[in-house]
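Overview (structure and organization)
Residues per chain are reported as follows:
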Amino acid sequence: MQHIAFDNNVNKDGFMSKDPFVSKDGKTLYFASNRPGGSGGFDIWYTAVDEGGNTTPPKNMGTKINTPGNDESPFLHQASNIFYFSSEGHIGFGGKDIFRSKWNPDAERWSQAENVGAPINSSRDESHYILNETQTLGYVTSDREKCKPCSVDSLDANNGFCNRLYVIQKPELKISISGLVINSETDEIIPNATIKIVDYTYQMEPIEIQSDADGYYELELPANVELFMKSTKTDFFADAHTQTTMGITQSTALQQDFFLR
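About the thresholds
Residues numbered from 1 in each chain as written. Predicted model: local features only at pLDDT ≥ 70, side-chain atom pairs only at ≥ 80, totals over all residues. Heavy atoms only, no water. Helix = DSSP H or I, 4+ residues; strand = E, 2+ residues; numbered from the N terminus. Rg over C-alpha atoms; globule rule 2.2 N^0.38 Å. Buried < 20%, exposed > 50% of the residue type's maximum accessible area, 1.4 Å probe, protein only. Contact = heavy atoms within 4.5 Å. pLDDT = per-residue confidence, 0-100. Patch = residues over 30% accessible without salt bridge, like charges linked within 9 Å, V, L, I, M, F, W, Y side chains within 5 Å. Areas by Shrake-Rupley, 256 points an atom, 1.4 Å probe, with all protein chains shown as cover. Salt bridge = Lys/Arg side-chain N within 4 Å of Asp/Glu carboxyl O. Phe/Tyr/Trp six-rings, centres within 6.5 Å; stacked < 30°, edge-to-face > 60°. Pairing = 2+ DSSP bridges. Axes fitted to C-alpha atoms, helices over the stretch in contact; angles between N-to-C directions. Core = buried A, V, L, I, M, F, W, Y, C linked by side-chain atoms within 4.5 Å.

Regarding its fold elements, the protein chain presents one helix and 20 strands. The C-alpha atoms of the protein chain give 24 Å as radius of gyration, which overshoots the globular expectation for 261 residues (18 Å, by more than 25%). Dimensions along the principal axes, computed over C-alpha positions, put the protein chain at roughly 80 × 40 × 35 Å. Looking at the protein chain residue by residue over its 261 residues, the buried ones come to 39%. Partitioning the contacts of the protein chain with sequence separation of at least 6, the portion at a separation of at least 24 is 47%.

As structure tokens, this is what we get:
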């Protein structure tokens with residue numbers, strides 16, 4: 001296989017470019033570079049990539065993510081629109097930690113980076129975090145444990161610590177939604193009301209369920225869907241709401257009541 005270097009937009013003369021990550025659709029390349037125009041040290045940049053491997057002038061990810069310290073090893077979890085990276089400039093546990101930032105489609109910007117916490121992070125250096133689509137299995141590189149490197153020189157240079165790859169296993173993500181259907185004028189429950197659920201992302205088929213004799217409904221939902229929910233009942237005006245499971249990273253019980261008039 002022939003290897004062809006990216007153009008000068010990525011591999012800028014006189015500076016380093018490393019830790020490449022390509023988006024799922026292959027159209028965006030994220031990478032770390034110490035080129036001018038950043039916040040200091042290594043910053044994370046991104047560029048558009050066409051089918052021929054040509055790129056556009058890179059853009060800096062901005063100060064929500066980049067710091068005067070080194071910010072590296074970008075990873076975009078596209079199912080949840082969460083951007084993960086390693087940083088020594090944000091407040092952390094010590095050394096380099098893994099941080100995450102959520103894309104806000106309304107404001108069209110990334111949120112302020114937040115530490116993903118322990119046990120992923122330690123007082124040592126963590127980097128190159130990746131996560132599978134269902135957010136149940138991942139990997140991270142860390143030098144949190146002492147080891148025996150190949151030479152005495154490398155042992156002395158890193159105080160006896162060296163990088164290892166660690167597996168991250170999370171419990172199965174469970175998301176549910178439940179609530180009551182209520183008469184908005186009398187506050188009485190409404191049994192056997194219809195609840196229709198449509199997924200804007202087209203990942204799940206439309207669902208239609210009924211509230212029980214106590215006006216209660218409950219069902220499990222998949223991760224990373226945008227939902228339109230509507231409750232109806234003969235002789236009542238309908239009530240509708242939207243819900244989302246986008247970006248949910250731990251088991252969650254959502255609640256949504258309906259008030260029919």
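Alright, that's what it looks like, and here's the rest.
Mapped onto the elements of the fold, Ile248 is located in the loop between β18 (239-244) and β19 (252-255). C-alpha of Ile248 to C-alpha of Lys146: the two residues are 102 residues apart in sequence and 35 Å apart in space. The contact partners of Ile248, leaving out residues within four places of it in the chain, are Gln135, Leu173 and Ile175.

Let's shift gears to the confidence of the model for the protein chain. Overall, the predicted model of the protein chain reaches an average pLDDT of 91, with 95% of residues at or above 70. Across the protein chain, the element-wise mean pLDDT spans from 50 in helix α1 (residues 152-157) up to 98 in strand β20 (residues 258-260).

A surface patch of nonpolar side chains, about 380 Å² in accessible area, is lined by Ile130, Tyr139, Leu165 and Val167. Mapped onto the secondary structure, Leu165 falls in strand β12 (residues 164-169). Residue class for Leu165 comes out exposed when judged on its relative accessible area of 61%.

Under the counting rule described, the total for this entry stands at 11 aromatic pairs. Ring centres 6.4 Å apart and planes at 35° place the aromatic pair Phe21 and Tyr30 in the tilted group. Side by side, Phe21 and Tyr30 carry an identical accessibility label, which is buried. Ring centres of Tyr84 and Tyr129 lie 4.9 Å apart, and the angle between their planes is 55°; on these two criteria the pair is classed as tilted. With a gap of 45 residues between them, Tyr84 in strand β6 (residues 82-87) and Tyr129 in strand β10 (residues 126-131) connect regions that are remote in the sequence. With a relative accessible area of 2%, Tyr129 lands in the buried category.

Taken in spatial order, the four strands make up an open sheet running β15-β14-β17-β18, and their pairing is antiparallel. Two strands close off the open sheet at either side, each with one partner strand: β15 (207-210) and β18. Each adjacent strand pair in this sheet contributes to an overall mean axis angle of 20°, direction not counted. In this structure, strand β14 (residues 194-199) lies alongside β15, joined through four bridges in antiparallel fashion. Residue pairing in the sheet places Ile195 in a bridge with Ile209 of β15.

Looking now at the sheet that holds strand β3 (residues 43-48). Taken in spatial order, the four strands line up as β1-β2-β3-β4 in an open sheet, and their pairing is antiparallel. Whereas interior strands pair on both sides, the edge strands pair on one side only; in this sheet they are β1 (17-22) and β4 (59-60).

For the rest of this paragraph, the subject is the pattern of salt bridges. Enumeration over the complete set of coordinates arrives at seven salt bridges. A salt bridge links Lys24 to Glu133, with the shortest nitrogen-to-oxygen separation between them at 3.7 Å. Of the two residues, Lys24 is situated in the loop between β1 and β2 (28-33) and Glu133 in the loop between β10 and β11 (137-142); the sequence distance between them amounts to 109 residues.

Cis geometry is found at the peptide bond from Ala118 to Pro119, where omega equals 5°. The residue Pro119 is located in the loop between β9 (114-115) and β10 in this model. Of note, Asp19 is a non-glycine position whose phi angle comes to about 55°, a positive value. Positionally, Asp19 belongs in strand β1. For Asp19, a relative accessible area of 16% gives the class buried. Of note in this structure, Asn224 is not a glycine but carries a positive phi near 60°. Inspection of the secondary structure puts Asn224 in the loop between β16 (216-221) and β17 (226-232). Overall, Asn224 belongs to the buried group, its relative accessible area being 5%.

On to the nonpolar core, then. Core analysis: the largest hydrophobic core is formed by 22 residues, its most contacted members being Phe83, Tyr84 and Tyr129. Contributing elements (two or more residues each) for this core: β5 (71-77), β6, β7 (97-104), β10 and β12. For this core, the element with the highest residue contribution is β6, accounting for four residues. Leaving out residues up to four positions away in the same chain, Tyr129 has contacts with Phe75, Tyr84, Ile98, Ile120, Tyr139, Val140, Ile168 and Lys170. The next biggest cluster of nonpolar side chains, apart from the first, holds 20 residues, and it includes Met204, Tyr217, Leu227 and Leu260.

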